[in-house]
Structure formats: structure tokens, C-alpha cells
Amino acid sequence: MGAVFEVTRIADGKRLALKVLTTGAGPAAFARFAREAQVASQVAHPNVVSFLDLGVTPSGLMYLVMELVDGPSLEDRRARFGDVAWGRPVLAQAAQGLAALHARGVVHRDVKPGNVLLDERRADVLAKIADFGIARPGDDEGPETAPMSGTAAMTDTALALTASNMILGTPRYIAP
């Protein structure tokens, strides 16, 4: 849905990730991209990639600014999948990130090794959940509340972002 670039914020030199919606996207893609920003902004947790900003360039390109995780994805470390000592803390952190999302009523809907980013610059690897492009947003009350209302619900309905019999996610990782 988009391309991600490493950028440097001019004001302070901080390195960030900039995700740009690919050109030629229609209204549903714009709505999904905006919803990704909405979902990402709902959770502040060390095991979830931080969202900073959403905007549109003068030429009409929509973008998200996020924390830069300077490292590979869990998919890139597939050779280590049998290494229990390495994998246990990584998976525990990914589970903590998902628990933080679920506590806010967010369902990621595309959990896979490619969406778990690893910061390996530390002595202990830090895992972060990323890519909320097809996540279902919750509300500030958490998962025990009524269904979505307001703009998020209207966006889903009006643009058919999610509908019965619609397949979302990466086929290899979709729940049966």
C-alpha cells in the first residue's frame, strides 16, 4: 500500500520512518491509510512502533511519520527460529505489544514475522509490532465497549474497507 523511507527531521536531526501512500490510490486506500494513523496513534508502548504524524504533501501524496526501527524484521531472522533462547524474549515482547493493542480494542489482523521489527543495536533485542494497514481500530475504552461509532465506523461502511466474506491479511498467516 505504501513505500517506507528513512528520513531525517530537519529540526533536530532525528531519524524517522516516512511511509508514503503509493500514487494512484483510490478513496479506499486513502481511508485505510488514515485509519492506519488512527490505530497507530491509539497505543504508546515500547513494543509497538510509535506514530508521530499524518499529512498530505502539496502534490497530494498522503504520508505517515513513524518511529524508525533500525533493524531487520523477524522474517529476516528466520534462520534463528529454532533458537529458543533468542526467540523466547522476542516472542514475549511481540505478545506484550499485541496485548497493549488489544487493551485499546485494536485488532492488528496481519500479525506475521514481517510485521515484527527488531532493534538489534542493543544487548537484548527489542521487538516492535508494525504495519497497521488493515488493523481494526478500537476506542479509548478498550475491547469491552460498544462497537465503533463516528468517523471510523462511517469510513468502514461508506468505503467498504471491511465487509463480510472479504479476505484481509497475508494468506500464509491468516487464521483459518
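Reading the values: the criteria
Residues numbered from 1 in each chain as written. Predicted model: local features only at pLDDT ≥ 70, side-chain atom pairs only at ≥ 80, totals over all residues. Heavy atoms only, no water. Pairing = 2+ DSSP bridges. Helix = DSSP H or I, 4+ residues; strand = E, 2+ residues; numbered from the N terminus. Axes fitted to C-alpha atoms, helices over the stretch in contact; angles between N-to-C directions. Buried < 20%, exposed > 50% of the residue type's maximum accessible area, 1.4 Å probe, protein only.

Caption draft 1: Representation of the sheet that holds strand β3 (residues 51-56) within the structure. If you walk across this open sheet you meet the 4 strands as β1-β2-β4-β3, and the pairing is antiparallel. The strands lining the two open edges of the sheet, one partner per strand, are β1 (2-8) and β3. Strand-to-strand twist across the sheet, computed as the mean angle between neighbouring axes with direction ignored, equals 25°. Sheet topology places β3 next to strand β4 (residues 62-67); 5 bridges connect them, and they run antiparallel. Each residue of the ladder has a partner; that of L54, found in β4, is L64.

Caption draft 2: The arrangement of the pairing of strand β2 (residues 15-21) in detail. Counted residue by residue, β2 has 6 buried out of 7 residues, so it is predominantly covered. Relative to β2, β1 is paired through 7 bridges, and the arrangement is antiparallel. For G2, the partnering residue across the bridge sits in β2 and is L21. Here β1 folds back onto β2 in antiparallel fashion, the turn holding 6 residues, of which G13 has a positive phi close to 75°. Here β2 runs beside β4; their pairing, made up of 5 bridges, is antiparallel. The residue of β4 that forms the bridge with V20 is Y63.

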